[in-house]
Amino acid sequence: MQANTTRGFLWSDVETRTLLNIWGEQDIQTALDGNFRNSFVYRDVSRRLGAMGFERTPEQCRVRIKSLKRQYLLAKEGNLRNNGQYHKICKFYDTMERILSNRPALDPQEFIESGAGGEEAGDGMEEDGEDAQDAYSEGTGEYPFPAETEVKLEYPTVPIPIPVKVTVGNNSTSARPHKSSQSAGSYSATRPKRPRKRRANFPMEKLMEQFLEQSAQAEDSFYRIEEQRLQAEDRRREAEHSRELHMLQMLGQMFSSISSTRTSSTATPTKTVPPACVPMFPRASPSCTRSQSSPPRQPSSPTRCLIQQSQPLNPDTQHLVFERYYNLGSHRGMDDDMLSLAKRIVPPLTTKKHKGQDGRIGIIGGCQDYTGAPYFAAISALKVGADLTHVFCTKDAATVIKSYSPELIVHPVLDSPNAVEEIEKWLPRLHGLVVGPGLGREDVLLKTAKEVIEKSKARDIPIVIDADGLWLVTQQPSVIQGYQKGILTPNFMEFTRLYEALHHESMEGSDHQRSVMQLSVAMGNLTLVLKGAEDLITDGSKVISCSIEGSGRRCGGQGDLLSGSIGVLAHWAHIASTAGIIRGVNPSVVAAFGACALTRQCNRQAFQQHGRSTTTSDMIQEIGAVFKKLFES
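Below you will find a few notes about this structure. (Residues numbered from 1 in each chain as written. Predicted model: local features only at pLDDT ≥ 70, side-chain atom pairs only at ≥ 80, totals over all residues. Heavy atoms only, no water.)

Considering the packing of aromatic side chains
Evaluated as defined, the whole model comprises 7 aromatic pairs. Taking 5.2 Å as the distance between ring centres and 45 degrees as the angle between the ring planes, the aromatic pair formed by Tyr72 and Tyr93 counts as tilted. Of this pair, Tyr72 sits in helix H4 (residues 58-77) while Tyr93 sits in helix H6 (residues 93-100); the two residues are 21 residues apart in sequence, bridging distant segments of the chain. Residue Tyr72 shares its accessibility class with Tyr93, and that shared class is buried. An aromatic cluster is present here, built from Tyr375, Phe376 and Tyr404 joined pairwise through their rings. Its end group placed over the ring of Trp426, Arg429 keeps NZ or CZ at 4.5 Å from the ring centre. (Phe/Tyr/Trp six-rings, centres within 6.5 Å; stacked < 30°, edge-to-face > 60°. Helix = DSSP H or I, 4+ residues; strand = E, 2+ residues; numbered from the N terminus. Buried < 20%, exposed > 50% of the residue type's maximum accessible area, 1.4 Å probe, protein only. Lys NZ or Arg CZ within 6 Å of the ring centre and 35° of its normal.)

This is the structure:
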């Protein structure tokens, strides 16, 4: 039999019954009645238990037996056998009754009030004769054991007379030699009797009530402390944000005063020396840096101030430097403001909602060559918080996508002759639509996608277009142009094609903010998300940059995670806008920013664990933790 090594002090029912069968053996009870040292007896009990596949120390066996006996006496003292409740206190009541039925009667109240005396550290492995006979009782039990596990009887070096114990009914008498009684009397006189612990005999119901009350108080205290910590963290962030704004205002005043001083000095040159030296940033003026041709000896501090103030400052450079310092200080504040708006659109989880109320999202895409993209978009929508996702794909891609996850509802209708009618039946149930992941560029599929977009616009639901759906928009911009609940999520190459298709000229320069705003206006103030080192989001009125740190890993499928997340958040954002929860801001922009922040943070946390081997599947596993960190903390 293979040994089952047990750890700690938890005993299973099988292990406890095996221990009771061994302890109830006739030779074990005889050895206990013979007043041998308990350490020798329980050493044999432990060895027999180990032969049965349970590794326990002699001390653990002794403590377990004494605990079972105390439970038995509690059940018996409480007179619970009549109403059948004794098993709640002592599970092994019948077995203990069988073993202890022939033992001399003990004082149950004294044993119960002694508490867990067997578990005390001072008890050790040995007890005197009186405690041994009081704590352990005899009985008979039949259990097969190997021949080599006989009871080991060890005697001390000095012979000790063994008392003969005669049991008649419930009365017992013992005959002891005179010398033995004298030695025992002298031994008991010299050894002080250990004080017994007294415990109140509370009923089980009262103890359980006290335990539940203390648990509830501890839980309330924990939540109260956590709420105080979160409030303190919010106050700290607000104070830090106000300090940054104050610093930026001071920098603006300083640069504006410098500019006015330069203008006045240029108009009316004077030789008056300013009363104080205005500090300058090294990058704000090239004259502050020391060139190689300058002499090694520097002028004194007042002279340096006069030189810096007498040299003209390029207005363009000054404006650029100030804008750079302002942006460095305001990115974090902008991200926090937009994240606070994104937090408001997240619906609370309550028991009063039904399935589908938090979002039913449709994915138009999935063909024979591309089955992963629609899966990534659909499973991301589910992970973010949608209740149901429907994938409308071609027939040969449906089985593959279904095998990825059982949570997705897959409709193999995208390449059928009546695809539009089949998809249109489901549109009244959908709250948002994502068009493009894995769609492909076949004319039949693009034509179906176009007609589905037209049907969805008539139902006034958010439409996110990505990947091959953007190829359709490049060919026919009017399919989504001017639809205020439309969101486009191009990468740089897709953005370049869109820009050239609408402006009929190549995009020049590196001013992406200006270009993305122009394209949004050309598309009828459509919400546009330009993915890159910093995601640029605009609805034609202003550009918002999502600068949350991601990673350098750019694996395929991250855009599908983004589009699926936007599909859910856009539905939530428009509901929140209708309810007046968010005002004065485009809900599509809020949804796009929240999804960008979520995707970039997932990329960062997955990269911290997997490094260069990070894939989109690793990022999807981080959605739950990242969503809680960004929107629920």
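A short note on a negative patch on the surface
Side chains of Asp369, Asp396, Asp415, Glu442 and Asp443 sit close together on the surface and give a patch of like negative charge. Tracing the backbone through its elements, the reader meets Asp443 in helix H16 (residues 443-458). On the basis of relative accessible area, Asp443 is assigned to the exposed category, the value being 64%. (Patch = residues over 30% accessible without salt bridge, like charges linked within 9 Å, V, L, I, M, F, W, Y side chains within 5 Å. Areas by Shrake-Rupley, 256 points an atom, 1.4 Å probe, with all protein chains shown as cover. Salt bridge = Lys/Arg side-chain N within 4 Å of Asp/Glu carboxyl O. Lys, Arg positive; Asp, Glu negative; His and termini not counted. Charge placed at Lys NZ, Arg CZ, Asp CG, Glu CD.)

Concerning the side chain of Thr448
Looking at where Thr448 falls in the secondary structure, it is placed in helix H16. From its side chain, Thr448 meets the backbone oxygen of Val444 in a polar contact 3.0 Å long. Contacts of Thr448, omitting those with residues within four sequence positions, involve Leu414, Ala419, Val420 and Ile423. (Polar contact = N/O pair within 3.5 Å; in protein donor to acceptor, adjacent residues only side chain to side chain. Contact = heavy atoms within 4.5 Å.)

Brief notes about the packing of H4 against H6
For the pair H4 and H6, interaxial distance at closest approach is 10 Å and the crossing angle is 95 degrees. One finds that H4 runs roughly perpendicular with respect to H6. Between H4, through Leu68, Lys69, Tyr72, Ala75 and Lys76, and H6, the contact on the second element is made entirely by Tyr93, Met96, Glu97 and Leu100. Of the residues contributing to the contact of H4 with H6, the split by class is 6 nonpolar, no polar and 3 charged. (Axes fitted to C-alpha atoms, helices over the stretch in contact; angles between N-to-C directions. Parallel < 35°, antiparallel > 145°, perpendicular 65-115°, else oblique. Nonpolar A, V, L, I, M, F, W, Y, C, P; charged D, E, K, R; others polar.)

With respect to the pairing of strand E12 (residues 535-538)
A two-sided burial pattern is seen for E12, the buried positions comprising Asp535 and Ile537 on one face and Leu536 and Thr538 on the other. In this structure, strand E11 (residues 527-530) lies alongside E12, joined through 3 bridges in antiparallel fashion. Residue pairing for E12: Leu530 is matched across the bridge by Leu536. From the end of E11 to the start of E12, which pair antiparallel, there are 4 residues. Where E12 meets strand E13 (residues 543-546), 4 bridges bridge the pair, whose relative direction is antiparallel. Across the sheet, the residue bridging to Leu536 is Ser545, located in E13. Hairpin geometry of E12 and E13 is characterised by an intervening segment of 4 residues between the two adjacent antiparallel strands and by a positive phi of about 95 degrees at Gly540. (Pairing = 2+ DSSP bridges.)

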